[in-house]
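A structural walkthrough
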Amino acid sequence: SEYKLVIPRAQFSQAIMLAVEEFNNLFKKATGITLPMIYDNVAGEYSENSKFISLGDTMLVDQAGVQFDEAKLKTDGCRIITKGKTVFILGASDYGVLNGVYDFMQICFNYEFYFRDCVEIDTNVSNLKLSQTGLYPLISVAWLFIMFGFSSYTGGNGYLTIYVAGVLANKF
């Protein structure tokens, strides 16, 4: 893989190192690949084609213009943002970043933790689609209004319209 795991040089902590270790262990279980880790001061400049997975408040966050409200995340909250080909795993604290790693694994590889020696994760994954999952509710509501408007215009059934809107929203 061309992707590199980027961590902040200035904010080096045990929680970030654990996040890197967990990311690589789980990513390797799912894909068979270990991503190299680099510090943000040697990562280079961000561009839309940069292939990074940024953990925490790296220089890439500012370069890409990524913004998030740390206060809304509380202590251990996280936010995963995809911009261009880069994934930003952010948290209000370093433990929030660690939680973001687990969320990323759950979203991408159906990761489930039951006990320290009992986890589930998809394996033999060869293609990972990075999408804007945050747009799903907007797409669903848009389809609902479009279909309901069409149904009202043609004198159709509202219940059937909601069903059809749900089916169509799941295709995109």
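Let us look at the structure shown here. (Residues numbered from 1 in each chain as written. Predicted model: local features only at pLDDT ≥ 70, side-chain atom pairs only at ≥ 80, totals over all residues. Heavy atoms only, no water.)

**As for the packing of aromatic side chains**
- Enumeration over the complete set of coordinates arrives at five aromatic pairs.
- Between Phe27 and Phe109, the aromatic rings sit 5.7 Å apart at their centres with planes inclined by 75 degrees, giving edge-to-face as the arrangement. You can see Phe27 sitting in helix H1 (residues 14–31) and its partner Phe109 sitting in helix H4 (residues 94–109), a full 82 residues away along the chain.
- Since its relative accessible area comes to 0%, Phe109 is described here as buried. (Phe/Tyr/Trp six-rings, centres within 6.5 Å; stacked < 30°, edge-to-face > 60°. Helix = DSSP H or I, 4+ residues; strand = E, 2+ residues; numbered from the N terminus. Buried < 20%, exposed > 50% of the residue type's maximum accessible area, 1.4 Å probe, protein only.)

**With respect to unusual backbone geometry**
- Here Asn110, not a glycine, exhibits a phi torsion of approximately 55 degrees, which is positive.
- Mapped onto the fold, Asn110 is located in the loop between H4 and strand S6 (112–115).
- According to the relative accessible area criterion, Asn110 is partly exposed, its value standing at 44%.
- A positive phi angle, near 60 degrees, is found at Asn124, a position not held by glycine.
- Topologically, Asn124 is positioned in the loop between strand S7 (118–120) and helix H5 (136–154).

From the geometry alone we can't say anything about function, so treat these as descriptive.
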